[in-house]
Amino acid sequence: VQLQASGGGLVQTGGSLRLACAASGGTFSRYAMGWFRQAPGKEREFVAGINWDGGSTYYSDSVKGRFTIYRDNPKNTVYLQVNSLKSEDTAVYYCAAAGTQFTNARFMRFMTPEAGSWGQGTQVTVSS
């Protein structure tokens, strides 16, 4: 699966963005998907995950209640709606597809850069 992330940008504190990740080259609807982020000088961290059918979602504690992950399988796209942005949300955001079909998305938080498929990242910068 090839992934292309988009939608990042510069936004003020409290603002919103919608990130999108378009998939191609595989059966998108069979894969759990996730969003991760990496801030300067920090390790990549899990943000959100969603099951192959969109039935279950999982979030890191730092974004729960502010971010929403959802998917449109006919459009082969997964989204991350990011609201109430804070300066600490500034990072490059990456989407990822699980390496195995029908993986439970609760395990996406353990995904390593060597596993599955990754998009190229989209920059989100939150200014105060």
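Now for a quick tour of the structure. (Residues numbered from 1 in each chain as written. Predicted model: local features only at pLDDT ≥ 70, side-chain atom pairs only at ≥ 80, totals over all residues. Heavy atoms only, no water.)

1. Side note on the side chain of threonine 122
Part 1: Relative to the helices and strands, threonine 122 is located in strand β11 (residues 122-127).
Part 2: Engagement of the side chain of threonine 122 in a polar contact is seen with the backbone nitrogen of glycine 8, the distance being 3.0 Å. (Helix = DSSP H or I, 4+ residues; strand = E, 2+ residues; numbered from the N terminus. Polar contact = N/O pair within 3.5 Å; in protein donor to acceptor, adjacent residues only side chain to side chain.)

2. Re the sheet that holds strand β1 (residues 2-6)
Part 1: A sheet is described by the order of its strands in space; here four strands give the open sequence β1-β3-β8-β7, paired in antiparallel fashion. Two strands close off the open sheet at either side, each with one partner strand: β1 and β7 (67-72). Here the average twist between neighbouring strands, direction ignored, is 15°.
Part 2: Examined bridge by bridge, β7 and strand β8 (residues 77-82) share six bridges and lie antiparallel to one another. Bridging across to β8, isoleucine 69 finds its partner in leucine 80. (Pairing = 2+ DSSP bridges. Axes fitted to C-alpha atoms, helices over the stretch in contact; angles between N-to-C directions.)

3. Observations regarding the nonpolar core
Part 1: In this structure, Trp35, Leu80 and Tyr93 are the most contacted members of the largest nonpolar core, which totals 28 residues.
Part 2: Excluding residues within four positions of it along the chain, tyrosine 93 makes contact with Leu19, Trp35, Phe36, Arg37, Val47, Phe67, Leu80, Gly121, Thr122 and Val124.
Part 3: Counting 11 residues, the second-largest nonpolar core is a separate cluster that includes Phe36, Phe46, Tyr94 and Ala105. (Core = buried A, V, L, I, M, F, W, Y, C linked by side-chain atoms within 4.5 Å. Buried < 20%, exposed > 50% of the residue type's maximum accessible area, 1.4 Å probe, protein only. Contact = heavy atoms within 4.5 Å.)

4. Some points on the pattern of salt bridges
Part 1: Overall, the coordinates contain four salt bridges when judged by the stated rule.
Part 2: A salt bridge links glutamate 45 to arginine 37, with the nearest nitrogen and oxygen atoms 2.6 Å apart.
Part 3: With its nearest N and O atoms 3.4 Å apart, the salt bridge here joins aspartate 61 to lysine 64.
Part 4: On the accessibility criterion, aspartate 61 (66% relative accessible area) is exposed.
Part 5: One connected set of salt bridges, linked through shared partners, spans Arg37, Glu45, Arg66 and Asp89. (Salt bridge = Lys/Arg side-chain N within 4 Å of Asp/Glu carboxyl O.)

5. Considerations on the pairing of strand β3 (residues 17-24)
Part 1: As defined by bridge partners, β1 adjoins β3 across five bridges and the pair is classed as antiparallel. Looking across to β3, one finds that serine 6 is bridged to alanine 20.
Part 2: Both β3 and β8 contribute to a ladder of six bridges, which runs antiparallel. Residue pairing in the sheet places cysteine 21 in a bridge with valine 78 of β8.

6. What to know about the state of the cysteines
Part 1: Inspection of every chain in the model, using the stated rule, returns one disulfide.
Part 2: Linked covalently through their sulfurs, cysteine 21 and cysteine 95 form a disulfide whose S-S length is 2.1 Å. Disulfide cysteine 21-cysteine 95: torsion about the S-S bond near 60°, hence right-handed. Taken together, the residues cysteine 21 in strand β3 and cysteine 95 in strand β9 (residues 91-97) connect sequence positions 74 residues apart.
Part 3: Under the relative-accessibility criterion, cysteine 21 is labelled buried at 0%. (Disulfide = S-S within 2.5 Å.)

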